[in-house]
Amino acid sequence: PMNYLISESAWDQILIMLKKEESIYHKSETSLRLFIEAIYYIVRSGCQWRLLPSYYGKWYSIHKRFIRWQKKGIWEKIFSFSKKDPDTERVMIDATIIRAHACAAGYKKNGNQKNALSRSVGGFSTKIHTICDGLGNPLKFILSEGHVHDVTQASALIEDINNSQVLADKGYDSDDFVEIIENQACSAIIPPRKNRKIKRNYDKNIYKDRHLIECFFGKIKHFRRIFSRFDKAIFSFMGYLNFVGALI
């Protein structure tokens, strides 16, 4: 018998969503689960597609199906389905660097910027900007080049957030961003930078909860296809990220 890697509770939720999706075809629940398990194996192990164990099926067919689902927005829909009733009384934002393998380069000539890849002092990399709810569950991902400053994507991360406490580290201590937070009826729980002439007060006890987003980054980096980027195209990497975000 097949040893499934995805827990039964997680699979039950994924299946509920997929049964509602009319744009995909599957012969049976068993074949559908085998395909999802194959994607999980690829994301968790980080192996090359050609090295996918044969009992999952033909690697080339599974890869093509993964890409089709990403173009149809299925992985994003699975992620959205997993975000039911988030705890947005308190949210936290941050970003993490993902080192890109050399094989991620060369999708198109001069196409690294469009695919959220850059070469800098830290090496060839991508940055994942994330917002999590009060329980440390992800709500949104934005990908950028590795050298892009965290605060540049901050307003986009919180654009749908209102009446909340926004937790972030001092890298987000910007007058413009704090103003955006307050205009959305939120409060900024952000420690002031050392070079501020007038220090802004913040609740240090509430700020302690920011560790939850660091814990989330630790969780996604157990998945080797997230920990190191091998994909040339941004939509492939985002597909993996949405899938892992839904599982967590």
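Rules used throughout
- Residues numbered from 1 in each chain as written.
- Predicted model: local features only at pLDDT ≥ 70, side-chain atom pairs only at ≥ 80, totals over all residues.
- Heavy atoms only, no water.
- Helix = DSSP H or I, 4+ residues; strand = E, 2+ residues; numbered from the N terminus.
- Rg over C-alpha atoms; globule rule 2.2 N^0.38 Å.
- Buried < 20%, exposed > 50% of the residue type's maximum accessible area, 1.4 Å probe, protein only.
- Contact = heavy atoms within 4.5 Å.
- Lys, Arg positive; Asp, Glu negative; His and termini not counted.
- Charge placed at Lys NZ, Arg CZ, Asp CG, Glu CD.
- Polar contact = N/O pair within 3.5 Å; in protein donor to acceptor, adjacent residues only side chain to side chain.
- Pairing = 2+ DSSP bridges.
- Axes fitted to C-alpha atoms, helices over the stretch in contact; angles between N-to-C directions.
- Parallel < 35°, antiparallel > 145°, perpendicular 65-115°, else oblique.
- Left-handed = near helix turned anticlockwise from the far one by under 90°.
- Nonpolar A, V, L, I, M, F, W, Y, C, P; charged D, E, K, R; others polar.
- Salt bridge = Lys/Arg side-chain N within 4 Å of Asp/Glu carboxyl O.

Colleague: Tell me about the overall build of the protein chain, and please be specific about residues and values.
Modeller: Within the protein chain, the regular secondary structure consists of 10 helices and seven strands. Rg of the C-alpha trace for the protein chain: 19 Å, near the compact-globule value of 18 Å for 248 residues, within the 12% margin. Dimensions of the protein chain along its principal axes, counting C-alpha atoms only, are 65 × 40 × 30 Å. Of all 248 residues assigned to the protein chain, the portion counted as buried reaches 50%. Look at the contacts in the protein chain between residues 6 or more apart in sequence, and 63% of them connect residues 24 or more apart. Once the 39 positive and 26 negative side-chain charges of the protein chain are each reduced to a mean point, those two points are 10 Å apart.

Colleague: Describe the environment of Arg44, listing the residues and the values that go with them.
Modeller: One can find Arg44 in helix H2 (residues 29-45). Excluding residues that lie within four positions of it along the chain, Arg44 makes contacts with His222, Phe223 and Arg224. In this structure the side chain of Arg44 is engaged in a polar contact, spanning 3.3 Å, whose partner is the backbone oxygen of His222.

Colleague: Describe in detail the pairing of strand S4 (residues 138-145), supporting the description with residues and values.
Modeller: Summarising burial for S4: eight of the eight residues are buried, a large majority. Note: strand S3 (residues 123-132) against S4, seven bridges, orientation antiparallel. When the bridges of S4 are listed, His129 appears paired with Ile142. Linking two consecutive strands that pair antiparallel, namely S3 and S4, is a turn of five residues; a positive phi of about 85 degrees is found at Gly136 within it.

Colleague: A description of the pairing of strand S1 (residues 90-100) should follow, citing residues and the corresponding values.
Modeller: Along S1, eight of the 11 residues are buried, which leaves the element largely enclosed by surrounding structure. When S1 meets strand S5 (residues 165-167), the two strands line up parallel, connected through three bridges. Looking at the pairing, Val91 lines up with Val166 of S5. With eight bridges joining them, S1 and S3 adopt antiparallel strand pairing. Looking at S3, one finds that Asp94 is bridged to Thr130. Sheet topology places S1 next to strand S7 (residues 228-229); two bridges connect them, and they run parallel. Counterpart to Ala100 in the pairing with S7 is Arg229.

Colleague: Before we move on, could you go through the packing of helix H1 (residues 8-20) against helix H4 (residues 74-81) and cite the residues and values that matter?
Modeller: Axis separation between H1 and H4 bottoms out at 10 Å; the angle between their running directions is 125 degrees. Our classification of the angle between H1 and H4 gives oblique. Between H1 and H4 lies a crossing whose hand is right-handed. Contacts between H1 and H4 involve Gln13, Ile14, Ile16, Met17, Leu18 and Lys20 on the former and, on the latter, Ile74, Lys77, Ile78 and Phe81. Class assignment for the residues of the contact of H1 with H4 results in seven nonpolar, one polar and two charged.

Colleague: Quick rundown of the pattern of salt bridges? Include the residues and the values.
Modeller: Applying the stated criterion across every chain yields a total of 14 salt bridges. The shortest N-O distance in the salt bridge between Arg210 and Asp94 comes to 2.9 Å. Taken together, the residues Arg210 in the loop between helix H7 (204-207) and helix H8 (211-220) and Asp94 in strand S1 connect sequence positions 116 residues apart. Here the two residues Arg210 and Asp94 agree in accessibility, since each one is buried. Through salt bridges that share partners, Asp173, Asp175, Arg193, Arg196 and Arg200 make up one connected network.

Colleague: Can you tell me about unusual backbone geometry, naming the residues and giving the values?
Modeller: Its identity as a non-glycine residue notwithstanding, Asp85 has a phi of 50 degrees, on the positive side. Position of Asp85 among the secondary structure elements: in the loop between H4 and S1. Classification of Asp85 by relative accessible area gives exposed; the value is 75%.

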